[in-house]
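Okay, here's what each chain looks like letter by letter:
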Amino acid sequence: MRSIILSSPAKLNLFLKVLEKRSDGYHGLKTVFERISLCDDIRFKSTKSDQIKITCDHPHVPVGPKNLVYQVAQLLRKDYGIEKGVEIDITKRIPVAAGLAGGSSNAATALLGLNRLWGINLTKKTLIEYGKRVGSDVPFFLHDCSWGLGTHRGDHIKPLSVDAKMWHILVVPRIKMYSGEVFARFKMKLTKQGDDVNILLRSLRKCNIYKVTEFLSNDLEQSILQIRPGLIRVKKRLESFLSQGVCFSGSGPAVFGITSSKKEAENIKAVLKKRYSQVFVVQTL
Ligand code: C5P
């Protein structure tokens, strides 16, 4: 039986502004996504049975209907009358519920993989519509871009023509944070909307990495710290190496810093790995 192996990357948010609470319960966002080189691998194998069978080497990943990959497979089978089954094996490297969108990226990869495996030939536009149905972060991974500006729920993506390649040090405390909980704690402030995202985007386009570090921000930080106050120590530890350019990604707990080189990131990792078990050096993908 035919099989396909695809890589499923993580993301960072260099900027995340919460603009409004929407009537559907979600929050309106403006966010800058970066695709990074921390990836899961997913193998899709067509089977004669009519089952969707998911296996994963990570004990905390659900392998039934709670898994977004399972949901994608089920939706496509139903909508396109697919009779074949599939075995999907996920090799996890992206920490789970960490603000890195590992589950959403897996769902996007499943849309791409199953579209090929089952020969459904859906257009990118249709795949994106399916992506939106399973999670706000899914559409970014269906665009063929390293950088994207997300609006609405974060699910409307404008790919950015940015050549900047950055190195990061990424620390992921072994704590799971659920986006729903973090957003629920968020309190809208009546602040004037600044021009920060435009300055950040201009600096990215010019590959002015130093200026980018000045404009990193994440409106969810306060809510993340309300749930897990101890995470401030992780952020401060990173800031002791990098005076600016340190930020939480998404709804946390992943914290990253922008470094000037791979070497600088490796040097910081050498120190931090004595204290934290999940420290990564990653690059824009
Ligand atoms: O879209 P996704 O299923 O990843 O979102 C998980 C939860 O995060 C939602 O149920 C919602 O509570 C919250 N969320 C939000 N606004 C967004 C994205 C997510 O409130 N733009």
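Residues numbered from 1 in each chain as written. Predicted model: local features only at pLDDT ≥ 70, side-chain atom pairs only at ≥ 80, totals over all residues. Heavy atoms only, no water.

**Thoughts on the layout of surface pockets**
In this structure, the largest pocket occupies an estimated 1,200 Å³ of space. The wall of the largest pocket is formed by 47 residues, among which L68, S104, D137, Y178 and S179 lie closest to the centre. Counting residues per element, the ones that place at least two in the lining of the largest pocket are strand 1 (3-21), strand 2 (27-47), helix 1 (68-79), helix 2 (102-117), helix 3 (124-134) and helix 5 (179-185). Counted by class, the lining of the largest pocket contains 21 nonpolar, 18 polar and eight charged residues. Domain assignment of the residues forming the lining of the largest pocket places at least three in each of domain 1 (3-159) and domain 2 (167-283). (1 Å grid on protein atoms, 1.4 Å probe; cavity = no way out; pocket = protein on both sides within 12 Å on 5 of 7 lines; lining within 4 Å. Points joined across faces, edges and corners; volume = space filled by probe spheres on them. Helix = DSSP H or I, 4+ residues; strand = E, 2+ residues; numbered from the N terminus. Nonpolar A, V, L, I, M, F, W, Y, C, P; charged D, E, K, R; others polar. Domains from an automatic or database assignment.)

**Some details on the sheet that holds strand 10 (residues 255-259)**
Read from one edge to the other, the open sheet built from four strands follows the order 9-10-7-11, with strand pairing classed as antiparallel. The two strands at the open ends of the sheet, each matched to only one other strand, are strand 9 (246-248) and strand 11 (279-283). With direction set aside, neighbouring strand axes in the sheet form an average angle of 25°. Judged from the five bridges that link them, strand 7 (residues 167-171) and strand 11 form a sheet pairing that is antiparallel. The residue bridging I169 from the neighbouring strand is V281, located in strand 11. Against the sheet, helix 9 (residues 231-239) touches strand 7, strand 9 and strand 10, its axis set at about 155° to strand 9. Across the sheet, helix 10 (residues 262-272) touches strand 7, strand 10 and strand 11, and the angle it forms with strand 7 is around 15°. (Pairing = 2+ DSSP bridges. Axes fitted to C-alpha atoms, helices over the stretch in contact; angles between N-to-C directions. Contact = heavy atoms within 4.5 Å.)

**Focus on the domain arrangement of the protein chain**
Per the domain assignment, the segments of the protein chain are domain 1 (3-159) and domain 2 (167-283). Of note, the centres of domain 1 and domain 2, computed from C-alpha atoms alone, are 23 Å apart. Taken together, the 30 residues of domain 1 in the interface contact 37 residues of domain 2. When domain 1 packs against domain 2, the two sides together hide about 2,600 Å² of surface, and 67% of this comes from carbon and sulfur. It is L14, F15 and L16 in domain 1 that bury the most area against domain 2; as a group they hold 23% of the surface buried on that side. The interface formed by domain 1 and domain 2 contains one salt bridge. As a salt-bridge pair, D219 and K17 come within 3.5 Å of each other at their nearest N and O atoms. (Buried area = accessible area lost by both parts, 1.4 Å probe. Salt bridge = Lys/Arg side-chain N within 4 Å of Asp/Glu carboxyl O.)

**What to know about the site of the ligand**
For the ligand, the full set of nearby residues is G25, Y26, H27, L29, G135, S136, R153, S179, G180 and F183. One nitrogen or oxygen atom from the side chain of H27 is found 2.8 Å from an oxygen atom belonging to the ligand. Starting from 450 Å² of accessible surface for the ligand in isolation, the protein chains cover 73%. Placement of the ligand is best described as lying within the largest pocket. For the shell around the ligand, the secondary-structure elements that each account for two or more residues are strand 2 and helix 5. Per element, the largest residue contribution to the shell around the ligand is three residues, and it comes from helix 5. (Near = heavy atom within 4 Å. Polar contact = N/O pair within 3.5 Å; in protein donor to acceptor, adjacent residues only side chain to side chain. Areas by Shrake-Rupley, 256 points an atom, 1.4 Å probe, with all protein chains shown as cover. Sits in = over half its atoms within 2 Å of the grid points.)

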